[in-house]
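Structure assessment
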Amino acid sequence: MVRRLSCAFLLIVALLALFAGEVAPAGFATQFREMPNSAPSRQHLLGTDDIGRDRFSRLIYGTRISLLLAPAAALLSTILAALIGGLAGYLGGLWARCAVGFVDLFLSLPWLFLLIMVRGLLPLDVSPFVSVVVTFFILAVLGWAASARILCAGAATLRQSGFLLQARASGLSGIRLFVVHVLPNLRPILLAQFWISIPVFILSEANLGMLGLGVAEPMPSWGGLLREMEGMLSLSEAPWKLAPLVLLILVVSCFELALTKREFAI
Amino acid sequence: MTSRIARHVLSIAAVVLLGAFLSALLVRSAPGFDVDEQQLDTRLNASSLRALHEAHAQEHTLFRFYLSYLRHALRGDLGVSRSLGQPVLGLLRDRAPVTVRVVIAGLALGWLLALALGLTAALARTTAYDVATLIASGLFLCLPAAALALLSVLLNAPGYLGIALIVFPKVFRYMRNLLDKAYSLPHLCTARAKGLSELRILGFHVLPVIAPEILALAGVSVSVAVGAAIPIETLCGIAGVGQLAWQAALGRDLPLLVNITVLVTLVTLSANFGADVMSHILRSEGA
C-alpha cells in the first residue's frame with residue numbers, strides 16, 4: 001500500500017515536472033518587477049523571490065531538472081558500475097583485485113568531500129545549461145564506486161556458477177558470455193542500485209546547489225531554490241520559502257519507501 | 001593479528017599516497033590552474049611576472065611537485081597555501097581542533113540519539129513507537145547536509161547538531177535492523193522462557209552479538225561525519241578544516257588541497273582500521 005502510494009506520488013510529481021511548461025503559471029526566469037518578495041497570493045501561489053520571479057513556477061521547473069536528471073545520472077553511474085565492477089568480478093584474479101583497490105580508494109574519501117572538491121575545480125562561470133550537464137555528469141562519474149563493489153561481488157559469485165561453466169564448455173567466451181549470460185543475471189542488483197542512486201544524487205545536487213556549486217542561475221534546481229533559505233532570519237518569517245525543502249523530503253522519502261526491504265538489502 | 005594490522009597499515013599508506021597523487025593530478029588538470037590573481041595586477045612589470053611564474057614553476061610538473069611535496073612532508077614542511085599565503089601546517093594546526101571538536105560532538109550526539117531510540121524501540125517493541133522512530137530517522141535521512149546546516153543556523157543551534165542529525169538516521173536504521181535480527185535468534189526465546197529480564201537479555205545476549213557490526217558501523221560513521229563537516233562548517237561559518245577544504249577547492253590551492261585530502265583519507269581509513277581491528281578482537285573473543 002505504502003509502496004503504491006509512493007510510486008503514485010512520484011508519478012504525479014514527475015508528470016507535473018515533465019509538463020512544467022503547461023502547468024507553471026510563468027516562466028522560470030520571468031520577472032514581475034513590480035512585486036519582488038511578495039507573499040503567496042492567487043497569482044503567485046508561493047509568492048515571488050527578491051527579483052520578482054514566481055516561486056511556484058521555479059519550483060516546478062526546478063523539479064524537472066532535479067527529478068529528471070538524477071535518474072539520468074543514476075543510469076550512467078549504474079552502467080559504469082556494471083562495466084567496471086561487473087567485468088572485474090567476471091574476469092576475477094588480478095583484474096578484480098585492481099578494480100577493488102581502485103574502488104576502495106574512491107570509497108575511502110567521503111562522498112561529499114570528493115564531490116565538492118571535483119566540482120570546485122571545474123569552471124563555475126559557465127552557461128546554465130552547461131552547469132546542469134556538468135553537475136549531473138560529475139554525480140554519475142563519481143557515484144559508481146559503491147555500486148561497482150556490490151556488482152563485482154555479484155559477478156564473482158556468478159563466475160563460479162554451473163551455467164557459466166556449461167556456457168564456457170559449449171564454446172562461449174569473452175564479451176559475449178558477459179553480455180548474454182552475466183549481465184542479465186545481475187539485473188536485480190543493477191535495478192536496485194539504479195533506484196538507490198537516484199535519491200542519493202538528488203540530495204547531492206541539493207548540497208552542491210546550496211553551496212553555490214550546482215546549477216547556475218537563472219536555471220532553477222532544488223539545490224539552487226534551497227539557497228533562498230540563507231536569506232531567512234527565522235523559520236516562521238516566510239514558511240512558504242520552505243516549499244522546495246518539503247517537496248525534496250517527500251520525493252526522497254517516496255524513493256526510499258518505493259523499495260522493498262529485500263531490494264534495500266541488495 | 002599482527003600480520004592483519006601490518007597489511008592494514010600498508011594498505012592505508014598506499015591509499016593515502018595514491019589519493020594525494022590523484023588529488024594533485026586533479027588540481028593540476030583543472031581549468032585555470034595556471035592563472036594566478038597576482039598576474040592580473042597591471043602594476044607588475046615583466047621581471048615581477050617572470051618571478052611569479054618561476055615561483056610556481058615547481059607545481060607545473062606534477063611528478064616533481066609530488067616528489068618534492070613528499071620529501072618536504074617527511075621533514076614536517078607541508079608547503080605554503082597559494083590562496084591564503086600561510087603555511088599549510090599552521091592552517092591545519094589552527095583549524096583541525098575546531099573540526100575535531102565539531103565532528104566528535106556530532107558523532108557522540110548522533111550515536112547517543114541512535115542508541116537511545118534503537119534500544120528503547122527494541123525493548124518497548126510497540127508498533128506506534130517503532131513507526132514514530134522510523135519516521136523521525138527517515139525524515140533526517142531525506143534532508144541534505146547543507147539544509148540541516150542552514151536549519152541549525154536558523155534555529156540558533158550549534159553546528160555539531162547538524163552532524164549529529166546526519167549521523168543519527170544512518171546509525172539508527174542499521175542498528176534497528178541488527179537488533180531485529182538479534183532478537184529473532186532462537187536462544188533468546190529460551191532465555192525468556194527461563195525468566196530472564198529484558199535488560200539482562202539485552203546486556204548479555206543481544207549487545208555482545210551485535211557489537212562487532214556496531215563497531216564496523218562506528219568506523220563508517222566517522223567518514224559520514226567528516227564528509228558532512230564541509231557543508232556544515234561552510235554554511236555555519238565554523239573555521240574548521242571543512243571550511244578550509246571548501247576555500248582550497250574554490251581557490252585551486254594545490255598544496256592545501258593535497259594536504260587536506262591526505263588528512264581526510266588518513267582520518268577515515270584510520271577510523272575504519274580501528275573499527276575493523278576492534279570488531280576482529282570481539283569476534284575472536286566470541287568464538
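Residues numbered from 1 in each chain as written. Chains lettered and ligands numbered in written order. Predicted model: local features only at pLDDT ≥ 70, side-chain atom pairs only at ≥ 80, totals over all residues.

What about the overall build of chain A?
Regarding its fold elements, chain A presents 13 helices and zero strands. Counting only C-alpha atoms, chain A reaches 75 × 45 × 30 Å along its principal axes. The proportion of buried residues among the 266 residues of chain A is 44%. (Helix = DSSP H or I, 4+ residues; strand = E, 2+ residues; numbered from the N terminus. Buried ≥ 20, exposed ≤ 12 C-beta atoms within 10 Å, placed from the backbone.)

Focus on the overall build of chain B
The helix and strand tally for chain B stands at 12 helices and zero strands. Secondary structure elements of chain B occur, N-terminal to C-terminal, as α-α-α-α-α-α-α-α-α-α-α-α. A globule of 287 residues ought to have a C-alpha radius of gyration of about 19 Å, yet chain B, at 24 Å, is considerably larger. Over its C-alpha atoms, taken along the principal directions, chain B stretches across nearly 90 × 50 × 30 Å. Looking at chain B as a whole, 38% of its 287 residues are labelled buried. At a minimum sequence separation of 6, the contacts of chain B that also span at least 24 residues come to 76%. (Rg over C-alpha atoms; globule rule 2.2 N^0.38 Å. Contact = placed C-beta atoms within 7 Å.)

A closer look at helix 7 (residues 145-159) of chain A
Residues and elements named next belong to chain A. Spanning 15 residues, helix 7 covers 21 Å between terminal C-alpha atoms, matching the ideal 21 Å at 1.5 Å per step. Within the sequence span of helix 7, burial applies to Ala 145, Ser 147, Ala 148, Arg 149, Leu 151, Cys 152, Gly 154 and Ala 155. Looking at the buried side of helix 7, the elements it contacts are helix 3 (55-91), helix 4 (93-108), helix 9 (174-185) and helix 10 (187-210). (Expected span 1.5 Å × (residues − 1).)

Here's the deal with the nonpolar core
Judged by nonpolar contacts, the single largest core of 120 residues is most densely connected at Ile 116 of chain A together with Ala 147, Ile 163, Val 167, Ala 225 and Ala 245 of chain B. Counting residues per element, this core draws most heavily on helix 10 (residues 198-236) of chain B, which supplies 13 residues. If we ignore the near neighbours within four places in the chain, the residues touching Val 167 of chain B are Gly 106, Leu 107, Gly 110, Trp 111, Ser 221, Val 224 and Ala 225 of chain B. Residues Ile 84, Ala 88, Leu 151 and Ala 192 of chain A belong to the second largest nonpolar core, which totals 22 residues. (Core = buried A, V, L, I, M, F, W, Y, C linked by C-beta atoms within 7 Å.)

Side note on the packing of helix 4 of chain A against helix 7 of chain A
Think of two packed helices as two axes; the pair is described by the angle between the axes and how far apart they sit. Residue and element names in this part refer to chain A. It is at 9 Å that the axes of helix 4 and helix 7 come closest, and there the two elements cross at 155°. If you check the angle between helix 4 and helix 7, you find them roughly antiparallel. Between helix 4 and helix 7 lies a crossing whose hand is left-handed. Along the contact surface, helix 4 presents Ala 96, Ala 99, Val 100, Val 103, Phe 106 and Leu 107, while helix 7 presents Ala 145, Ala 146, Ala 148, Arg 149, Cys 152 and Ala 156. When grouped by side-chain class, the residues that make up the contact of helix 4 with helix 7 number 11 nonpolar, no polar and one charged. (Axes fitted to C-alpha atoms, helices over the stretch in contact; angles between N-to-C directions. Parallel < 35°, antiparallel > 145°, perpendicular 65-115°, else oblique. Left-handed = near helix turned anticlockwise from the far one by under 90°. Nonpolar A, V, L, I, M, F, W, Y, C, P; charged D, E, K, R; others polar.)

Overview of the environment of Arg 3 of chain A
You can see Arg 3 of chain A is positioned in helix 1 (residues 2-18). Sequence-wise, Arg 3 of chain A and Ala 258 of chain A are 255 residues apart; in three dimensions their C-alpha atoms are separated by 4.6 Å.

Things to note about the packing of helix 1 of chain A against helix 12 (residues 243-257) of chain A
Residues and elements named next belong to chain A. Interaxial distance between helix 1 and helix 12 falls to 8 Å at its minimum, and their mutual angle equals 135°. With respect to helix 12, the axis of helix 1 lies oblique. In this structure, helix 1 crosses over helix 12, and the sense of that crossing is left-handed. Residues Val 2, Arg 3, Ser 6, Phe 9, Leu 10 and Val 13 of helix 1 form the contact with helix 12, whose participating residues are Leu 250, Val 251, Cys 254 and Leu 257. Grouping the constituent residues of the contact of helix 1 with helix 12 by class yields eight nonpolar, one polar and one charged.

Some points on unusual backbone geometry
A cis amide bond links Glu 217 of chain A with the next residue in sequence, Pro 218 of chain A, at an omega value of 5°. By the element assignment, Pro 218 of chain A lies in the loop between helix 10 and helix 11 (222-226). In this model, Asn 37 of chain A sits at a positive phi of 55°, which is unusual for a non-glycine residue. If you trace the backbone, Asn 37 of chain A turns up in the loop between helix 2 (20-23) and helix 3. Residue class for Asn 37 of chain A comes out exposed when judged on the 12 C-beta atoms lying within 10 Å of it. A positive phi is found at Asn 156 of chain B, a non-glycine position, where the angle reads about 55°. Within the secondary structure, Asn 156 of chain B sits in the loop between helix 7 (145-154) and helix 8 (159-183).

Concerning the environment of Ala 96 of chain A
Residues and elements named next belong to chain A. Its location among the elements puts Ala 96 in helix 4. Linking Ala 96 and Val 13, residues 83 residues apart in sequence, is a C-alpha distance of 41 Å. When neighbours within four sequence positions are excluded, Ala 96 is seen to be in contact with Ala 88, Gly 89, Leu 91, Cys 152 and Ala 156.

Observations concerning the confidence of the model for chain A
Averaged over every residue, the pLDDT of chain A is 86; the share at 70 or more is 97%. When pLDDT is averaged over each helix and strand of chain A, the minimum, 53, is found for helix 13 (residues 261-265) of chain A and the maximum, 92, for helix 12 of chain A. (pLDDT = per-residue confidence, 0-100.)

Some words on the interface of chain B and chain A
The parts lose accessible area when they come together, and the size of an interface is often stated as this lost area. Taken residue by residue, the interface counts 35 residues in chain B and 31 residues in chain A. Considering each element in turn, the side of chain B that touches chain A owes the most residues, seven residues, to helix 10 of chain B. Looking at the side of chain B that touches chain A residue by residue, the classes come out as 26 nonpolar, eight polar and one charged.

Some remarks on the confidence of the model for chain B
Caution applies to low-pLDDT regions: their predicted coordinates should not be interpreted in detail. All names here are of chain B. Of the residues in chain B, 91% reach a pLDDT of 70 or more, and the chain-wide mean stands at 83. By mean pLDDT, the top-scoring element of chain B is helix 5 (residues 88-124) (91), and the lowest-scoring one is helix 3 (residues 57-60) (62). Confidence estimates for the predicted assembly give a pTM of 0.84 and an ipTM of 0.83.

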